[in-house]
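# Overview (structure and organization)
One-letter residues, chain by chain:
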Amino acid sequence: LSEPAVLKEHARHHETGEPVPDELLERLKAASLFNEGFATVEYTACALLDMAVHSLSEYDDDFDLAKFEKEYLEEQGMPQGIVMRHRPAHFAHLFASSAYAAGYYVYQWAQVLDNDVFAAFEETGDVFDPETAEKCRKYIYSSGNTVAPQELFKSFRGREPDISFFLKHKGLV
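For clarity, every value in this text was computed on a predicted model and none was experimentally measured.

Scanning the protein for helices and strands turns up nine helices and zero strands. The globule rule puts the C-alpha radius of gyration for 173 residues at 16 Å, and the 21 Å found for the protein is more than 25% above it. When the backbone C-alpha atoms are referred to their principal axes, the protein occupies close to 65 × 40 × 25 Å. Looking at the protein residue by residue over its 173 residues, the buried ones come to 28%. Residue pairs in contact within the protein that sit at least 24 positions apart in sequence constitute 56% of those at least 6 positions apart. Summing over all exposed atoms, the protein offers an accessible surface of approximately 11900 Å²; the carbon and sulfur share of this is 56%. When the 16 positive and 30 negative side-chain charges of the protein are each reduced to one mean point, those points stand 4 Å apart.

In structure tokens form, the structure reads like this:
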């Protein structure tokens, strides 16, 4: 919904029918980036803690998760002014069963992939480019689990995922 080409077509003044002005689009974009650094750090802290907890091969019956969390975040240099968005108790869906086999990081990794795929459209100069859309349909949306997802991505983009599009989307570069 934040793509200028879409907004120019569909976000029109209710009386005049004029498309949304470029200046307003720029202000909307700037506002959408507010606090992204903070949000990214708090989310990344959750993902790193989740991976650290899942990496424990053994622990005592008196394992203190709150203590582990505090020590781990201090070790990682977590800024004092930022707290984790979700605490380990919110990770229940990650531990509840073997049916959900993803770590907390998967949410940010999905954004990395999403931003990189969208960049393929932007690189054509037309976010509605039919050729790119067909390639995306073929390699991303219609292949399901027929091929490893990483291979499908590489077939679509011709390379490994690039985190720079994620960082750009969040206004961090």
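After that view, the rundown keeps rolling.
On to the packing of aromatic side chains, then. For the coordinates displayed, the defined rule picks out four aromatic pairs. Relative to Phe-63, the ring of Tyr-59 lies with its centre 5.2 Å away and its plane at 45°, an arrangement referred to as tilted. The exposure class assigned to Tyr-59 is exposed, which follows from its relative accessible area of 56%. Seen from their ring centres, Phe-68 and Tyr-72 are 6.2 Å apart, and the 10° between their planes marks the pair as stacked. With Phe-68 and Tyr-72 both in helix α4 (residues 65-76) and four residues apart, this pair spans about one turn of that helix. The pair Phe-68 / Tyr-72 is uniform in exposure class, with both members buried. Taken together, the ring pairs in this structure connect Tyr-59, Phe-63, Phe-68 and Tyr-72 into an aromatic cluster. Lying over the aromatic face of Phe-156, Lys-135 brings its terminal NZ or CZ to 5.9 Å of the ring centre.

Below, the discussion takes up the environment of Tyr-43. Structurally, Tyr-43 is set in helix α3 (residues 36-54). The class for Tyr-43 is buried, based on a relative accessible area of 17%. Sequence separation between Tyr-43 and Val-83 is 40 residues, and the spatial gap between their C-alpha atoms is 9.3 Å.

Of all hydrophobic cores here, the largest spans 15 residues; its most connected members are Leu-49, Phe-68, Tyr-72, Leu-73, Met-78, Met-84 and Tyr-104. Elements represented by at least two residues in this core include exactly α3 and α4. When residues of this core are assigned to their parent elements, the largest contribution, seven residues, is made by α3. Excluding residues that lie within four positions of it along the chain, Met-78 makes contacts with Val-41, Glu-42, Ala-45, Leu-73, Val-83 and Met-84. Core analysis: the second largest hydrophobic core is formed by six residues, Val-117, Ala-120, Phe-153 and Phe-156 among them.

How each quantity is defined
Residues numbered from 1 in each chain as written. Predicted model: local features only at pLDDT ≥ 70, side-chain atom pairs only at ≥ 80, totals over all residues. Heavy atoms only, no water. Helix = DSSP H or I, 4+ residues; strand = E, 2+ residues; numbered from the N terminus. Rg over C-alpha atoms; globule rule 2.2 N^0.38 Å. Buried < 20%, exposed > 50% of the residue type's maximum accessible area, 1.4 Å probe, protein only. Contact = heavy atoms within 4.5 Å. Areas by Shrake-Rupley, 256 points an atom, 1.4 Å probe, with all protein chains shown as cover. Lys, Arg positive; Asp, Glu negative; His and termini not counted. Charge placed at Lys NZ, Arg CZ, Asp CG, Glu CD. Phe/Tyr/Trp six-rings, centres within 6.5 Å; stacked < 30°, edge-to-face > 60°. Lys NZ or Arg CZ within 6 Å of the ring centre and 35° of its normal. Core = buried A, V, L, I, M, F, W, Y, C linked by side-chain atoms within 4.5 Å.

In short, the description is geometric, and any link to function would need to be established separately.
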